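Coordinate analysis (summary)
Single-letter residue listing:
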Amino acid sequence: MTTLSAWPWENYGNLKYLLYAPLAAQVMYSLAYEEDYWRAFWCLNILIICGLKGLVHVLWSTYNNMLFLTRTLRINPKGVDFKQIDHEWNWDNYILLQAILASMICYMSTPSMMIISTIPLWNTKGLIVLLVLHVTFSEPLYYFLHRSVHRNNYLFTNYHSFHHSSPVPNPMTANNATLLESLLLCVVAGAPLIGSCLLGVGSISLIYGYAITFDFLRCLGHCNVEIFSHKLFETLPILRYLIYTPTYHSLHHQDMETNFCLFMPIFDVLGSTLNPNSWELQKMIRLAAGEPRRVPEFVFLAHGVDVMSAMHAPFLFRSFASMPYTTRFFLLPMWPGTFMLMLVVWLWSKAFLCSFYTLRNHLCQTWLVPRLGFQYFLPFAKQGINNLIEDAILRADKLGVKVISLAALNKNEALNGGGTLFVNKHPDLRVRVVHGNTLTAAVILNEVPKDVKEVFLTGATSKLGRAIALYLCRRGVRVLMLTLSTERFQKIQKEAPAEFQNYLVQVTKYNAAQHCKTWIVGKWLTPREQSWAPAGTHFHQFVVPPILNFRRKCTYGDLAAMRLPKDVQGVGTCEYTMERGVVHACHAGGLVHMLEGWEHHEVGAIDVDRIDIVWEAAMRNGLSYVSSLIQRTFSGMGWIWKDTMSKIQLMGSRNLRRRQTALHSELEALQWAMESMLQHSICQRF
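Residues numbered from 1 in each chain as written. Predicted model: local features only at pLDDT ≥ 70, side-chain atom pairs only at ≥ 80, totals over all residues. Heavy atoms only, no water.

Looking up the protein in an unreviewed UniProt entry gives the name Fatty acid hydroxylase domain-containing protein, with the organism given as Brassica oleracea var. oleracea. The UniProt entry for the protein carries this comment under Subcellular location (unreviewed entry): "Membrane". Comment text from UniProt for the protein, heading Sequence similarities (unreviewed entry), reads "Belongs to the sterol desaturase family." (UniProt positions renumbered as here; feature names shortened; annotations may be inferred.)

Take a look at the structure:
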């Protein structure tokens, strides 16, 4: 590996943040045991500045991913995919390096140099000196180093190419670089501050202001959103040479022989490296902001689940949204704020663009209805939610969208009849409204083994339950339909061909399935209800949220889902708990509808005859089956008995399903081993 191309803590993951611990420890120690607080003062300020610098990056990333605000001003229209997010995962290494270097300076300095009383809060002379040092030292040094790195094949290949490996510039790209480049950037950024302090004109506000502004401008150049109006530069042409724009720096990532400056394009003018299209392209992007943009051909209309999962949105924490959703403790302090925001958008809001990707040159977007799961079950909120969904459908129709697919509760039967309400109310819709449940049913049915002769079905009279029951009975599978309504059961039974009606059996209690090892769950099951399932049962499910994995001797399927085709581009967000590149089956169903060019609406009851047609179309278009039975990995374990003669006897072995972490698996293995030991004679030693 090339010298200084890798970070020392590259393999430590989140443990790298322990490097901040000595600074925090110094603060607490000085406050507790030292009379002079100057070292604690500077250590505390280093921690605060690092936190603020990180916040600047996060806020810029939030703005960058607010597609409902920035979509028309984006310079590079492509999406940031998982590969780029992983590449930029350690974007904050640069901030950690600055903390280490700043603490070294603090410890190497004498108390007289760092005494708090000698550094004022504000010093006007210091600001002037800092600006002079920045313009005369930092700007030309960065320009020279940057241009040299680009023109030296060895340096570019082994160092700077890492930064340019991000195809779509964004705020996290700004300081994503190798160790050597980050060290050089620390010199560029630190020289004006150190110079001002050595000349005796430094101040607290100067240190904070310059350190944060430096990162702010770096993020601005990489934000991929043209925030400057072209009229500003037409009114004050001199600004073209004093401050760069996001378009200006984006051109450097496209044409790497131009636009090398740090923040001031005047140095590119002096060095004859100014891209001649810099200002014309910037004006073009601003003027095009008010014009119609590319229309999506497919829209997936999603909604929030709960307050915690609402923070899984890509415009809040990009890295968090790029992983399947799980509850994280660091989100808990933000729960009250998110709840208050939920109340605000309840008063006034509309569906907005959340994410997008492209598939075979088809633009596909996800719009979000700003409502959470519990709100769909409030009687007084139903009309408002239907109005939001209707508004989104009409907006999609006006734009020229081909297919809009309704997610989960947006197609609830009690809410709008699975989308029937909107199709009946607007018979001239050009956009095709799709609930996607036909493919959802197909996914569940294809997960049921072909040799199964009997299944137990809860939620049996729901839209999905009805379709699953009718399909399975045609396969000669005996379906135990759990329902208290004889009328609804008989209605479904009459839909089945006469020769298969006997395969549909109404049951009213869970104990009727105590010998059935295939459960299809469409209604929430309590642990007590699950206890009726025999050992070895597999729970297929289409209930939201999924049931708890209560039974240790049973297996649990995931929600129906499909993996997007391999040629999809720009996917950088996980859909709720789905794995990367995997979407809910109803999402995939709408996508297939668009790719096949079908002209009918898919609303209301599921057409059982189309289940196989939709499944074959999904396979034909490159979507792949995501089976929980296929995906699940197992780990084997066993425990032995060893007597005083060192004779070894295997006492037990079993498989464990994959868990969230290795620690989860180890704890479950320990629990099983202890339970097994208790079953043997107490005279034996283990």
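Next comes the rest of the write-up.
**Topic: the confidence of the model for the protein**
With 92% of its residues at a pLDDT of 70 or more, the protein shows a mean pLDDT of 91. Between the elements of the protein, mean pLDDT differs from a low of 47, seen in helix α27 (residues 628-631), to a high of 98, seen in strand β4 (residues 403-406). For the stretch residues 629-633, pLDDT sits under 50, and the model shows 15 contacts to residues farther than four places along the chain or on other chains. (pLDDT = per-residue confidence, 0-100. Helix = DSSP H or I, 4+ residues; strand = E, 2+ residues; numbered from the N terminus. Contact = heavy atoms within 4.5 Å.)

**A few points about the domain arrangement of the protein**
We note that the domain assignment places domain 1 (10-289), domain 2 (298-434), domain 3 (446-563) and domain 4 (641-679) within the protein. Summed over both sides, the interface between domain 3 and domain 4 buries roughly 450 Å², with carbon and sulfur atoms accounting for 25% of that surface. A per-residue breakdown of the area domain 3 buries against domain 4 is headed by N549, R552 and T555, which together make up 85% of the total. Linking domain 3 to domain 4 there are zero salt bridges. Of the residues in the side of domain 3 that touches domain 4, the class split is two nonpolar, two polar and one charged. (Domains from an automatic or database assignment. Buried area = accessible area lost by both parts, 1.4 Å probe. Salt bridge = Lys/Arg side-chain N within 4 Å of Asp/Glu carboxyl O. Nonpolar A, V, L, I, M, F, W, Y, C, P; charged D, E, K, R; others polar.)

**Observations concerning the packing of aromatic side chains**
Each pair of aromatic rings is reported with the distance of its centres and the angle of its planes. Following the criterion strictly, the structure yields 29 aromatic pairs and no others. By the ring-pair criterion, three or more aromatic residues cluster together here, those being F317, F320, Y325, F330 and Y576. One Lys or Arg, R395, reaches over the ring of W367 and ends 5.0 Å from the middle of that ring. (Phe/Tyr/Trp six-rings, centres within 6.5 Å; stacked < 30°, edge-to-face > 60°. Lys NZ or Arg CZ within 6 Å of the ring centre and 35° of its normal.)

**Focus on the packing of helix α2 (residues 38-65) against helix α10 (residues 204-222)**
Look at α2 against α10: their axes get within 10 Å of each other, and the N-to-C directions meet at 25°. Judged by the angle between their axes, α2 and α10 are roughly parallel. Crossing of α2 over α10 shows right-handed handedness. Judged by residue contacts, F41, W42, N45, I48, I49, L52, K53, V56, H57 and W60 of α2 engage I204, I207, Y208, A211, I212, D215, F216, C219 and L220 from α10. Tallied by class, residues from the contact of α2 with α10 come to 15 nonpolar, two polar and two charged. (Axes fitted to C-alpha atoms, helices over the stretch in contact; angles between N-to-C directions. Parallel < 35°, antiparallel > 145°, perpendicular 65-115°, else oblique. Left-handed = near helix turned anticlockwise from the far one by under 90°.)

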